[in-house]
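The chain contents come next:
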Amino acid sequence: MTVDHRHSHLESVRSALSVLVYPLQYLVNTPFMVTRWAKDSFVTHESLLSENERLRKEQLLLSSKLQKYEILETENERLRRLLESSFKLGDKVVIAELLAVNMQPFRHTVVINKGKREGAYDGQPIVDANGIMGQIVHVGPFSSTVLLITDPTHAIPVQINRNGLRAIAVGTGLSQSLQLEYLPNNADIEKGDLIVSSGLGSRFPPGYPVGVVIDIMLDPAEPFAKVKVAPSAKLEQIREVLLVWPNDYVRIGFYSSDYAVNQ
Amino acid sequence: MNTEKQHGGGVIFFSFIVALMLTAMPLPEWAINWRPAWVAMVLIYWCMALPHRVGIGVGWLLGIFLDVLQGTLLGQNAIGLAILAFLTLKSHQRVRMYPLVQQALVICLFVVVYQLLSLWVRGIMGIPPRSWTYWMPAFTSMVLWPWLFIILRDLRRRYHVS
């Protein structure tokens, strides 16, 4: 147990055993897949039409927004080139699906149906349509385990979108809140501030939304402010998630941790 | 040993598979903490009914599978289930004679021991559970034990597992 906790030697054993466990998880998932399929195939013509209409409008809206973003992106790149700093937008992504499987209670982990075969790796960031969800902690050949950002052992480097103030968002174990650690009482932070990933630590790509500040408790007796953040990602509702390969991914975290173990 | 009497291993295997599946089955948010310790209960039953076939080794192996399934530390459930199997083997002759209600109480105690071991490991890792509902599985296991016992006993008699 100590070996598993402190080092990563047993990761291969776990990954091999996960092949045996995967059929079980798949079986458990099957009834949910079937009900979903049934729901999808017995929808009425009208509801499909209305959904199509809605999606069309959304698509129009998004593509018009995207045009604007493209202009901004090129402008941003040009300005950055003027400043001689490299910054890359756009990452490779793959869509994965959650398996309807409950993991251990009191932890926030989920199983997705992509593994080493699809190129997933340990520590890979996972996002959904609204923001960062978490990172992969165990990779099997066909499936991986994702630690959500709300897990009490998870922390993610973030910055406040409005002014670039850096902080660390730590999971609380409650599914609807994160906490910003070590922000002084006089920090410039307001309710409603958007928190985005800062990309420090080179694990999460920079610039993805993490959450929105919902509550700030200032207690003069405490050295730090208590800032509550509601995660942007719909951690309890979504079925499809995105695996992200950050563009400038050079396996820094991976090698440095290996190096530390070998020393 | 009379090896020709050992049959019905498939039934034991199948019951463990079902227990593992029930452990992974998604439940609504409020019910998650009430999920009985299915694997522990099935293991206790087989240890009690067939102590010469199912024992500490099986418990340990099952625990490793449960660890991989649940994403816990490798060995966290394994040590709990192995010790659970040991306790059951030690007391199976007595517990077998008890009426069902008294058996259920003993099962509650066993599951508490199993959870306590798990709690220690989590405490050492620094991720203790946040609420008292951590202990609910012991209670639900106790309540469901008589039904599980009757189902597994009938299965065992039907398929002559020995």
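Residues numbered from 1 in each chain as written. Chains lettered and ligands numbered in written order. Predicted model: local features only at pLDDT ≥ 70, side-chain atom pairs only at ≥ 80, totals over all residues. Heavy atoms only, no water.

**So, the overall build of chain B**
Across its full length, chain B carries six helices and zero strands. Secondary structure of chain B in N-to-C order comes out as α-α-α-α-α-α. Taken against the 2.2 N^0.38 rule, which gives 15 Å for 162 residues, the C-alpha radius of gyration of chain B at 15 Å falls within 12% of a compact globule. In terms of overall dimensions, chain B has a C-alpha envelope of 50 × 30 × 30 Å along the principal axes. Counted over contacts in chain B with a minimum sequence separation of 6, partners at least 24 positions apart contribute 70%. When the accessible area of chain B is evaluated, it comes to approximately 8000 Å², of which 70% is carbon and sulfur surface. For chain B, the distance from the average site of its 12 positive side-chain charges to the average site of its 4 negative ones is 8 Å. (Helix = DSSP H or I, 4+ residues; strand = E, 2+ residues; numbered from the N terminus. Rg over C-alpha atoms; globule rule 2.2 N^0.38 Å. Contact = heavy atoms within 4.5 Å. Areas by Shrake-Rupley, 256 points an atom, 1.4 Å probe, with all protein chains shown as cover. Lys, Arg positive; Asp, Glu negative; His and termini not counted. Charge placed at Lys NZ, Arg CZ, Asp CG, Glu CD.)

**Looking at the overall build of chain A**
Across its full length, chain A carries four helices and twelve strands. A burial count over chain A gives 36% of its 263 residues as buried. Residue pairs at least 24 apart in sequence account for 58% of intrachain contacts in chain A once pairs closer than 6 positions are excluded. Just so you have it, chain A exposes about 15600 Å², and 58% of that area is on carbon and sulfur atoms. (Buried < 20%, exposed > 50% of the residue type's maximum accessible area, 1.4 Å probe, protein only.)

**A look at the packing of helix H5 (residues 100-125) of chain B against helix H6 (residues 136-158) of chain B**
Angle between the axes and distance between the axes: these two values describe a pair of packed helices. All names here are of chain B. Axis separation between H5 and H6 bottoms out at 8 Å; the angle between their running directions is 135°. Taken together, H5 and H6 sit at an angle that is classed as oblique. Between H5 and H6 the crossing geometry is right-handed. The residues of H6 that touch H5, namely those facing Leu100, Gln103, Ala104, Leu105, Ile107, Cys108, Val111, Val112 and Gln115, are Pro137, Ala138, Ser141, Met142, Trp145, Pro146, Phe149 and Ile150. Counted by class, the contact of H5 with H6 contains 14 nonpolar, three polar and no charged residues. (Axes fitted to C-alpha atoms, helices over the stretch in contact; angles between N-to-C directions. Parallel < 35°, antiparallel > 145°, perpendicular 65-115°, else oblique. Left-handed = near helix turned anticlockwise from the far one by under 90°. Nonpolar A, V, L, I, M, F, W, Y, C, P; charged D, E, K, R; others polar.)

**So, the UniProt feature "domain: Rod shape-determining protein MreC beta-barrel core" (unreviewed entry) in chain A**
The positions UniProt marks with the feature "domain: Rod shape-determining protein MreC beta-barrel core" (unreviewed entry) are residues 100-245 of chain A. In this annotation, residues 100-245 of chain A is assigned 0% helix and 45% strand; the end-to-end C-alpha distance for the span is 24 Å. (UniProt positions renumbered as here; feature names shortened; annotations may be inferred.)

**Notes on the nonpolar core**
Formed by 55 residues in total, the largest nonpolar core has its most connected members in B:Phe16, B:Leu43, B:Trp46, B:Leu81, B:Leu84 and B:Trp145. At the level of secondary structure, the elements contributing two or more residues to this core comprise helix H2 (11-41) of chain A together with helix H1 (9-24), helix H2 (38-49), helix H3 (56-70), helix H4 (76-97), H5 and H6 of chain B. With twelve residues, the single largest contributor to this core is H2(B). Each of domain 1 (1-89) and domain 2 (92-245) of chain A accounts for three or more of the residues forming this core. (Core = buried A, V, L, I, M, F, W, Y, C linked by side-chain atoms within 4.5 Å. Domains from an automatic or database assignment.)

**Notes on the sheet that holds strand E11 (residues 224-231) of chain A**
Residues and elements named next belong to chain A. Taken in spatial order, the six strands of this closed barrel run E6-E7-E8-E11-E10-E9, and their pairing is antiparallel. Strand-to-strand twist of the sheet, defined as the mean angle between neighbouring strand axes without regard to direction, takes the value 40°. Sheet analysis places strand E9 (residues 194-197) next to strand E10 (residues 209-217), joined by three bridges and oriented antiparallel. Bridge pairing in E10 places Leu194 opposite Val212. (Pairing = 2+ DSSP bridges.)

**Focus on the domain arrangement of chain A**
All names here are of chain A. Along its sequence, chain A is organised into domain 1 (1-89) and domain 2 (92-245). For domain 1 and domain 2, the distance between their C-alpha centroids amounts to 15 Å. The interface is formed by twelve residues belonging to domain 1 together with 17 residues belonging to domain 2. Each partner contributes to the roughly 1200 Å² buried at the junction of domain 1 and domain 2, and carbon and sulfur atoms together form 58% of this total. (Buried area = accessible area lost by both parts, 1.4 Å probe.)

**Digging into the interface of chain A and chain B**
Accessible area lost during the coming together of the parts is what is often quoted as the interface size. Taken residue by residue, the interface counts 28 residues in chain A and 34 residues in chain B. Across the chain A/chain B interface, buried area totals approximately 2700 Å², and carbon plus sulfur atoms make up 69% of it. At the junction of chain A with chain B, the criterion picks out zero salt bridges. Summed over the shared surface of chain A and chain B, the number is one residue pair in polar contact (both at pLDDT 80 or more). Of all the secondary structure elements, the ones that give two or more residues to the side of chain A that touches chain B are helix H1 (2-6) and H2 of chain A. At ten residues, the largest contribution of residues to the side of chain A that touches chain B is made by H2(A). (Salt bridge = Lys/Arg side-chain N within 4 Å of Asp/Glu carboxyl O. Polar contact = N/O pair within 3.5 Å; in protein donor to acceptor, adjacent residues only side chain to side chain.)

**Quick word on the environment of A:Ile216**
Residue and element names in this part refer to chain A. Its place among the elements puts Ile216 in strand E10. Among the residues examined, Ile216 registers a relative accessible area of 23% and is labelled partly exposed. Remark: the alpha-carbon pair of Ile216 and Leu180, spanning 36 residues in sequence, is separated by 9.8 Å.

**A look at the pairing of strand E4 (residues 132-139) of chain A**
All names here are of chain A. Most of E4 sits inside the fold, with seven of its eight residues counted as buried. Relative to E4, strand E3 (residues 125-127) runs antiparallel, the two sharing three bridges. Bridged to Ile126 within E4 is Gly134. The turn joining E3 and E4, which pair antiparallel and follow one another in sequence, is formed by four residues. Hairpin remark: E4 followed by strand E5 (residues 144-148), antiparallel, with four residues in the connecting loop.

**Some points on the state of the cysteines**
Residues and elements named next belong to chain B. Under the defined criterion, the tally for this structure stands at zero disulfides over all chains. With no disulfide of its own, Cys47 has Cys108 as its nearest cysteine by sulfur position, at a separation of 18 Å. On the basis of relative accessibility, which here comes to 0%, the residue Cys47 falls in the buried class. According to the relative accessible area criterion, Cys108 is buried, its value standing at 18%. (Disulfide = S-S within 2.5 Å.)

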